[in-house]
Amino acid sequence: MYNPAIISPAAAAAGGLLGGLIAGAIADGETRRANRRSCLMYRGWRVVEVTDAQE
């Protein structure tokens, strides 16, 4: 039986957890890209972004 007093808080908690995990993954990816660029620049190299047409 559907009881909004139980289902709504559980759905909100699940949505908050999922949103937090996605935001964390995005932040980790941005941090890795920044670290990679810093490392390459330290060695005198650079990251070259290539378009699909250039590939």
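Bear in mind that the values here come from a model prediction, so they are computed numbers and not experimental data.

Time to look at the overall build of the chain. Along the backbone of the chain there are one helix and zero strands. On the chain, roughly 5,100 Å² of surface is accessible, and the fraction owed to carbon and sulfur atoms is 62%.

On the surface, Leu18, Ile22 and Ile26 cluster together into a nonpolar patch covering about 280 Å² of accessible area. Using a relative accessible area of 46% as the deciding quantity, one classes isoleucine 22 as partly exposed.

Moving on to the pattern of salt bridges. Counted according to the given criterion, the structure contains one salt bridge. Here arginine 37 makes a salt bridge to glutamate 49, at a shortest N to O gap of 2.7 Å. Highlighted residues: arginine 37 in helix α1 (residues 4–42) and glutamate 49 in the segment after α1, separated in sequence by 12 residues.

Parameters at a glance
- Residues numbered from 1 in each chain as written.
- Predicted model: local features only at pLDDT ≥ 70, side-chain atom pairs only at ≥ 80, totals over all residues.
- Heavy atoms only, no water.
- Helix = DSSP H or I, 4+ residues; strand = E, 2+ residues; numbered from the N terminus.
- Areas by Shrake-Rupley, 256 points an atom, 1.4 Å probe, with all protein chains shown as cover.
- Patch = residues over 30% accessible without salt bridge, like charges linked within 9 Å, V, L, I, M, F, W, Y side chains within 5 Å.
- Salt bridge = Lys/Arg side-chain N within 4 Å of Asp/Glu carboxyl O.
- Buried < 20%, exposed > 50% of the residue type's maximum accessible area, 1.4 Å probe, protein only.

Fair warning: the whole summary comes from geometry, so function is off the table for now.
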